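Listed below are the residues making up each chain.
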Amino acid sequence: MIITRYIGFATLLATASVNGELVVYEGFDNNAGDPIWDLNGGSGWNGAWLGTDTDANGRGIPAVGEGLSFSRLNSSGGSYVRPQRYGVSESSRSVSEESQAALTADGSTIWFSVLMKANPGGSTGGYAANSHAAIVFGDASLTTANPATTPPAIATGGNAVGLSFDGDGSATSAIGIHGVTYTAGVLTADSVDGRIVVGDSTVLIVGKIEWAEVGSDDVMSLYRVADAAAELPEAFSVMAVDLDQSVFDIVAIAGGQTEIFDEIRMGSSVEDVLPLDTVTPFPNPMSFATAPTAISDSEITMTASTAVSDNPVEYLFSNTTLATDSGWQASPTFTDTGLTPDTPYSYTVIARETSASLIETAPSNAATVWTFPEVTGDEILATVFAGRSVSGTTATITDFIVNGVQDPGSLTVDSVADSTITVLDLFDAADAQNHFAPRTSTNSAHWQVDVPLAVDAQPVVMGNVELNVRSFSSSGAWKTVAQGNGLQEHYITLELFDSSEASLGSEQILATENFQYDWKAVFTTFDGIELAAGESYTLNILVSGPDPANPANAGNYVGLDSIRVLTESASGSSFADWQESYFPGENDEAIVGPNADPDSDGIDNLAEYGLNSDPTDPSDQPAIVVSTDETELSISYPTVAAATDISYTVEWSTNLEDWFTAGVVEVLEPDPAVDSDYPVIKAILAKDTDKVKFMRVSIEQL
């Protein structure tokens, strides 16, 4: 007989095997946390689970855990799990006499299946290298002899067949499964040709046992099933051993880590041990066939995997960022509209069948995507890399917007001179679509790209240059906060050259930890530089690590979401730009919102923006001056000349309840020392018969 984390046996009583049926089943359909021992659910058994544990505090006693699921296998209830790695546990349960007869006849073939998961990790979780828990069918229980390096031992003289985890090496990714047999208490493990690597994934193992007469070898074949509804693959392990299975009546599990077993089945056919759930939509959990993808600055589209069910299905897409959804729909494709430019949104999808039961899948993993940055028409040159195609180190770009310069058509990334790091190509993975993401010879962001600015017949005057920057992993996938292993600091350097390669200006920005995943870099040095008619210029973008002199220390990969070379008139200030300059990458309204006061100085962000003070430094107070003399009361306040999204109003009152603007005269302070970018306005109110007057400055966001 066989047993493994997937345990299933079949071959019924002579009368029952004609049509086939499930002989033994255990789904651990009990309350979470219940001890396994003394549970007597399922079918085909004789009595309850029994067992022992070596930890004096009982921390590793097997209990009912969260149930495993896999493909379209019909599964329910909980699972068998050791909650902590302390000590070693052994558990066993006897099958009924009827089940024993059905599962042990010479010349018969039985089948079994079991769900298994190694489940290492955590402060009390199992060690990958020590994962050797086994599940077997035989005539004796397994023991608590510590299975730290091999499968557990069996009771003296015991015989059994089954399977075991094989923690070959310390890495979780190296955990495997192989077949085991016990003959007169001696273990044989199929650990060479018959070992498969499973890591920490949930796996479905199916076994077939062909019982021969005593004196001939019985044969156990093990299969790793990828789809419960598909044909069985080739067996990964085949073991032959001569056993007297007629006395086999025990299913035994033993281990010293935190392995999980579930959905143990034994029957007379493979169909018996692979019952399908044909109603709950599959896949479950749901998944995306095409991940959410930005198609404009306000639209994101996505397609769910086609759900399979005996009943019609429908889909629900959820924007978890905005707490909105698509509503249930028959189409697996959804496009979210009316979104904010240059903003991240996260999505999940579920499916349900449309009978009266309305059975739903679990939600897909969340997928996050950014809308394109807004392109306003105030650009000399801009691209959001929409629909770009790549070949080697060159991206062909079809969405360039140009105003007074020629369309470059493509951009080519290059290695940095005198660097040991070379550029290999541009990522073209799913996450790298609609991005410019260079891949280098090391896990680093050290590269450069030249953006040509060939001026048409009229000169143009540059304004700011804006780059939206993103971090990528070594596979071309986006780096996320959830990954927890942040990116090092990076320098982003822009330098403008004329046709003789003379530098017309450069600026370097250090992108700190807030840039680790996505960030907008605004370069102001080039504002006001005139590009002559008919001349050619080059804007060089260079990305290097925290130590430009040591580029090998460059962290992870960095790519671009967008490039915008603005016209001079488009380089005005905005509250959003101000937020990004002081709080790069931060989206929490309690920190960056107009009413927030992150430095607790009693002045909110909108006022700090409008009065040119630092929202992160409580000692930096707005330079407001109130004065009075015999004829007038005045208040002087700084403004932001480039601000296009706020207005200033000076009001007066005699009672702090009723406020007026009539009679207020505003003049520009005639102080040549004042920064012209932040002119000071003096508002004057003539005195009259009122003994008390109050003045205030209000700033309104437009």
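Residues numbered from 1 in each chain as written. Predicted model: local features only at pLDDT ≥ 70, side-chain atom pairs only at ≥ 80, totals over all residues. Heavy atoms only, no water.

Visitor: Could you give an account of the pairing of strand 23 (residues 344-353), with specific residues and numbers?
Guide: Counting buried positions along strand 23 gives 10 out of 10 residues, so the element sits mostly inside the fold. Residues Pro344, Ser346, Thr348, Ile350 and Arg352 line one face of strand 23 and the alternating positions Tyr345, Tyr347, Val349, Ala351 and Glu353 line the opposite face, and both faces are buried. Relative to strand 23, strand 20 (residues 313-319) is paired through seven bridges, and the arrangement is antiparallel. By the bridge assignment for strand 23, Ser318 is matched with Thr348. Bridge count between strand 23 and strand 24 (residues 367-370): four bridges; the pairing is antiparallel. (Buried < 20%, exposed > 50% of the residue type's maximum accessible area, 1.4 Å probe, protein only. Helix = DSSP H or I, 4+ residues; strand = E, 2+ residues; numbered from the N terminus. Pairing = 2+ DSSP bridges.)

Visitor: Break down the confidence of the model for the protein for me, with residues and values.
Guide: Averaged over all residues, the pLDDT of the protein is 85; the fraction at 70 or higher stands at 88%. When pLDDT is averaged over each element of the protein, strand 20 comes out on top at 97 and strand 1 (residues 9-10) at the bottom at 26. Note on residues 1-20: pLDDT is under 50 here. Beyond four places in sequence and across chains, it has 128 contacts. Per-residue pLDDT stays below 50 along residues 481-487; that stretch engages in 13 contacts with residues further than four places along the chain or on separate chains. (pLDDT = per-residue confidence, 0-100. Contact = heavy atoms within 4.5 Å.)

Visitor: How would you sum up the sheet that holds strand 18 (residues 288-294)? Please name residues and give values.
Guide: Sheet architecture is open: three strands sit in the order 18-19-22, paired in antiparallel fashion. The sheet terminates laterally at strand 18 and strand 22 (333-336), the two strands that pair on one side only. Taking the axes of each pair of neighbouring strands and ignoring which way they run, one obtains an average angle of 10° across the sheet. As paired elements, strand 19 (residues 300-304) and strand 22 share four bridges and run antiparallel to each other. Within strand 22, the residue paired with Thr301 across the bridge is Thr335. (Axes fitted to C-alpha atoms, helices over the stretch in contact; angles between N-to-C directions.)

Visitor: Lay out the side chain of Glu90 with the relevant residues and their values.
Guide: Among the structural elements, Glu90 can be located in strand 6 (residues 89-94). Although buried, Glu90 forms no salt bridge, and the nearest oppositely charged side chain, Arg82, lies 11 Å from it. Only 2.9 Å separates the side chain of Glu90 from the side chain of Thr52, close enough to count as a polar contact. If near-sequence neighbours (up to four positions away) are discounted, Glu90 is found in contact with Trp37, Leu50, Gly51, Thr52, Ser141, Leu142, Thr143, Thr144, Ile253 and Ala254. (Lys, Arg positive; Asp, Glu negative; His and termini not counted. Salt bridge = Lys/Arg side-chain N within 4 Å of Asp/Glu carboxyl O. Polar contact = N/O pair within 3.5 Å; in protein donor to acceptor, adjacent residues only side chain to side chain.)

Visitor: Please set out the pattern of salt bridges residue by residue, giving values where relevant.
Guide: Applying the stated rule across the entire model yields 12 salt bridges. Across the pair Asp428 and Arg388 runs a salt bridge whose closest N-O atoms are separated by 3.1 Å. Of this pair, Asp428 sits in the loop between strand 30 (423-426) and strand 31 (438-440) while Arg388 sits in the loop between strand 25 (379-383) and strand 26 (389-391), and the two are 40 residues apart along the sequence. Residue Asp428 is classed as partly exposed on the basis of its relative accessible area of 44%. Residue Arg388 is classed as buried on the basis of its relative accessible area, which comes to 4%. Among the charged side chains, a network of salt bridges with common partners joins Glu379, Glu466 and Arg564.

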